[in-house]
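Structural features, examined
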Amino acid sequence: MFTIFKKKKQKYFIINCNTDSILVNGTPLTFPTEFENLVEIFGEPSRTIDSSSKYVIWDDFGVSSSLKDDNKIVSINVYQNINASEYVPKKPYNGTLFFEEEDITFNEFSKIGLGKIAIHRLGSENETRFGFSLGINNDYKA
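Described below are features of the structure shown in this document. (Residues numbered from 1 in each chain as written. Predicted model: local features only at pLDDT ≥ 70, side-chain atom pairs only at ≥ 80, totals over all residues. Heavy atoms only, no water.)

Ile15, Ile22, Phe42, Ile119 and Phe132 are the most contacted members of the largest nonpolar core, which has 30 residues in total. When residues of this core are assigned to their parent elements, the largest contribution, 5 residues, is made by helix H1 (residues 35–42). When neighbours within four sequence positions are excluded, Ile15 is seen to be in contact with Ile22, Leu23, Val24, Val78, Tyr93, Thr96, Leu97, Phe98, Phe132 and Leu134. (Core = buried A, V, L, I, M, F, W, Y, C linked by side-chain atoms within 4.5 Å. Buried < 20%, exposed > 50% of the residue type's maximum accessible area, 1.4 Å probe, protein only. Helix = DSSP H or I, 4+ residues; strand = E, 2+ residues; numbered from the N terminus. Contact = heavy atoms within 4.5 Å.)

The following block contains the structure:
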């Protein structure tokens, strides 16, 4: 009898950032990136929201992105705390964030430059950071 092996859903993610690269569980990402690249890493989104932009949300992983008209994603938002907004994943991110091999998952920062892209904090400066955003290549024009 044959057993069909189904790809197991990843539950824990490690994001490694260096000045010239971003790796999510060993898979390189550049920004802007294709929607399909995130599907390869996180699987199909648990939900989408169509409003002024199209938002794709992976509730189980604490990750969301907005999808541009050309099917590009310019950044991914990683939420470590959740709130009542419909645009925020239902569960917090349960992984780690490294910058140059240092675990900065819970460090406070406003912006860390990575060449043409950066890691930005989510939340205003006068409140606890509720996550971070990776990407936002300012050279990209849709």
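Turning next to the packing of aromatic side chains. Enumeration according to the criterion identifies 7 aromatic pairs in this entry. Ring geometry for Phe42 and Trp58: centres 5.4 Å apart, planes at 45°, overall tilted. Here Trp58 lies in strand E6 (residues 54–58) and Phe42 lies in helix H1, a separation of 16 residues in the sequence. Under the relative-accessibility criterion, Phe42 is labelled buried at 4%. Their ring planes at 35° and their centres at 6.3 Å tell us that Phe42 and Phe61 sit as a pair that is tilted. (Phe/Tyr/Trp six-rings, centres within 6.5 Å; stacked < 30°, edge-to-face > 60°.)

Let's shift gears to the layout of surface pockets. A water-sized probe, rolled over the atoms, reveals where empty space remains. Its volume calculated, the second largest pocket comes out at about 160 Å³. Of all the elements in the fold, those that place two or more residues in the lining of the second largest pocket are strand E2 (21–24) and strand E3 (27–29). Considering only residue class, the lining of the second largest pocket consists of 6 nonpolar, 4 polar and 2 charged. (1 Å grid on protein atoms, 1.4 Å probe; cavity = no way out; pocket = protein on both sides within 12 Å on 5 of 7 lines; lining within 4 Å. Points joined across faces, edges and corners; volume = space filled by probe spheres on them. Nonpolar A, V, L, I, M, F, W, Y, C, P; charged D, E, K, R; others polar.)

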